[in-house]
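# Topology and contacts: notes
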Number of protein chains: 2
Amino acid sequence: MNRLYHVPLSPFCRKVRLVLAEKKVEVELVEERYWEENPEFLRRNPAGKVPVLRIGGHTLSESQAICEFLEETISEPPLMPRDPAARAEVRRLVMWFDDKFHHEVTSKLLYERVNKKITGKGYPDSTNVKSGAKRIKYHLDYMGWLLDQRRWLAGDVLTLADFAAAAHLSSLDYIRDVDWNRCPQVKDWYAKIKSRPAFRSILADQVSGFPQPSHYADLDF
Amino acid sequence: MNRLYHVPLSPFCRKVRLVLAEKKVEVELVEERYWEENPEFLRRNPAGKVPVLRIGGHTLSESQAICEFLEETISEPPLMPRDPAARAEVRRLVMWFDDKFHHEVTSKLLYERVNKKITGKGYPDSTNVKSGAKRIKYHLDYMGWLLDQRRWLAGDVLTLADFAAAAHLSSLDYIRDVDWNRCPQVKDWYAKIKSRPAFRSILADQVSGFPQPSHYADLDF
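Quick notes on the rules
Residues numbered from 1 in each chain as written. Chains lettered and ligands numbered in written order. Predicted model: local features only at pLDDT ≥ 70, side-chain atom pairs only at ≥ 80, totals over all residues. Heavy atoms only, no water. Helix = DSSP H or I, 4+ residues; strand = E, 2+ residues; numbered from the N terminus. Contact = heavy atoms within 4.5 Å. Polar contact = N/O pair within 3.5 Å; in protein donor to acceptor, adjacent residues only side chain to side chain. pLDDT = per-residue confidence, 0-100. Salt bridge = Lys/Arg side-chain N within 4 Å of Asp/Glu carboxyl O. Buried < 20%, exposed > 50% of the residue type's maximum accessible area, 1.4 Å probe, protein only. Lys, Arg positive; Asp, Glu negative; His and termini not counted. Phe/Tyr/Trp six-rings, centres within 6.5 Å; stacked < 30°, edge-to-face > 60°. Lys NZ or Arg CZ within 6 Å of the ring centre and 35° of its normal.

Bringing the environment of Glu104 of chain A into the picture now. Residues and elements named next belong to chain A. Tracing the backbone shows Glu104 in helix H4 (residues 84-118). Spatially, the C-alpha atoms of Glu104 and Leu158 are 25 Å apart, while their sequence positions differ by 54 residues. If near-sequence neighbours (up to four positions away) are discounted, Glu104 is found in contact with Ser131, Gly132, Arg135 and His139. Within the structure, the side chain of Glu104 is placed 2.9 Å from the side chain of Arg135, a separation counted as a polar contact. At 2.8 Å, the side chain of Glu104 and the side chain of His139 are in polar contact.

Printed below as a string of structure tokens:
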């Protein structure tokens, strides 16, 4: 059985879960308290991070390496276009969310409000929270600008870039940090991706100490 | 003419320069003071970062998206193996350096000592410098452990993972922050990669206010 070591609200784990579900790969989800630095887990991934995927005798880490592996080994449905320049645009946007958005928004909101409490690292730093709350507006506007010109974030077809973005936004939506009224194009895009069967497991997540808000799993949010 | 917007000591730019040179793609290097947020540059890359590559009518950003594009469009020499699991290992290690090593070492040493001065952001924070100087030892040991089992970092052939690692280490070597005596396997590996023709442009870099140390371009360092 394939196995994914993860934590529920990690956007990097969610990106992999979405890609696995979209490609109809069954996987056993195992929650990993990676911050406890369990030696057995560190043998699986010396970087000490989730996600880690065991699949077909391989133990893979780093979310983007995992997603590219899944794309190369399970062709249907494709989540990358064929044209190299279009693929570069997908990868640019994946990095936009996994690097820039993660640094400016996810780490400032989700990690301050949730991860600090779960890992016993104290209270949210209000300067960081304010900075994340301000910065997310710029990112929603940038997504809106892209979606004015394209059906999906990287072009006219659904790609890894959409799952990377939806992974971050869904984790932030769980803690009510996304203003869906800011940008109608982004809300429409999220409604489309949220209604996909691949999203069901994400919408069923429950995190102890952080009750799921009622709009979170609602397809008419 | 192809054009790379870069700064000389950026490890992300160096990774792209090494891949371009290895694949014998001629490119005009243009230094970009990205921190000045020139609107023309922000149009090329709204993330406001280098490297940005103009090639064949495309404007590409994010170093890994650029390297994958070059790998997909210029087949010789290949810098990724064919087997998907081996490719995942290359990508895991690229991220090891571009994410973990960057966060724990490069940003703590190079950005404190050099980038802060160049961008007018003040003096190095000694806590960060100490942390980076301590943490690089762990990374050199991890590289040594990999190189005990493999000819190159990701396996028996030279790959993008080696260029990612060499890009970070060469930038740190410019400011004398690499102890080459710590791990003989790492020194041997660096001597091999440093002597490649693709490395010449990197070894010729000169940064105003930071004279090149004599061992930096020496192949018998």
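A few words on the confidence of the model for chain A. When the pLDDT values of chain A are averaged, the result is 97; 100% of them are 70 or greater. Overall fold confidence for the complex sits at a pTM of 0.97, while the interface term, ipTM, reaches 0.97.

So, on to the pattern of salt bridges. One side chain can pair with another of opposite charge once the charged atoms of both are near each other. Summed over the entire model, instances satisfying the criterion amount to 42 salt bridges over all chains. Asp99 of chain A is the partner of Lys49 of chain B in a salt bridge, and the nearest nitrogen-oxygen pair spans 2.9 Å. Remark: Asp99 of chain A occurs in helix H4 and Lys49 of chain B occurs in the loop between helix H2 (39-44) and strand E3 (52-55); the pair is interchain, linking two chains. By sharing partners, the salt bridges in this structure join Glu68, Glu72, Arg87 and Arg91 of chain A together with Glu68, Glu72, Arg87 and Arg91 of chain B into a single network.

For the rest of this paragraph, the subject is the side chain of Lys194 of chain B. All names here are of chain B. With respect to the helices and strands, Lys194 occurs in helix H7 (residues 184-194). Within the buried core, Lys194 has no salt-bridge partner, and the shortest N-O distance to an opposite charge, that of Asp173, equals 4.3 Å. A distance of 2.8 Å separates the side chain of Lys194 from the backbone oxygen of Asp218, its partner in a polar contact. Those residues in contact with Lys194, other than ones at most four positions away along the chain, are Asp173, Phe199, Leu203, His215, Tyr216, Ala217, Asp218, Leu219 and Phe221.

Residues and elements named next belong to chain A. Scanning the model with the defined rule gives 24 aromatic pairs over all chains in all. When the ring of Trp180 is compared with that of Tyr190, the centres are 4.4 Å apart and the planes differ by 15 degrees; the resulting orientation is stacked. Here Tyr190 lies in helix H7 (residues 184-194) and Trp180 lies in the loop between helix H6 (160-174) and H7, a separation of 10 residues in the sequence. Each member of the pair, Trp180 as well as Tyr190, carries the same accessibility label: buried. Grouped by ring-pair contacts, the aromatic residues Trp180, Trp189, Tyr190, Phe199 and Phe221 constitute a single cluster. Positioned above the aromatic ring of Phe221, the side-chain terminus of Lys187 is 5.4 Å from the ring centre.

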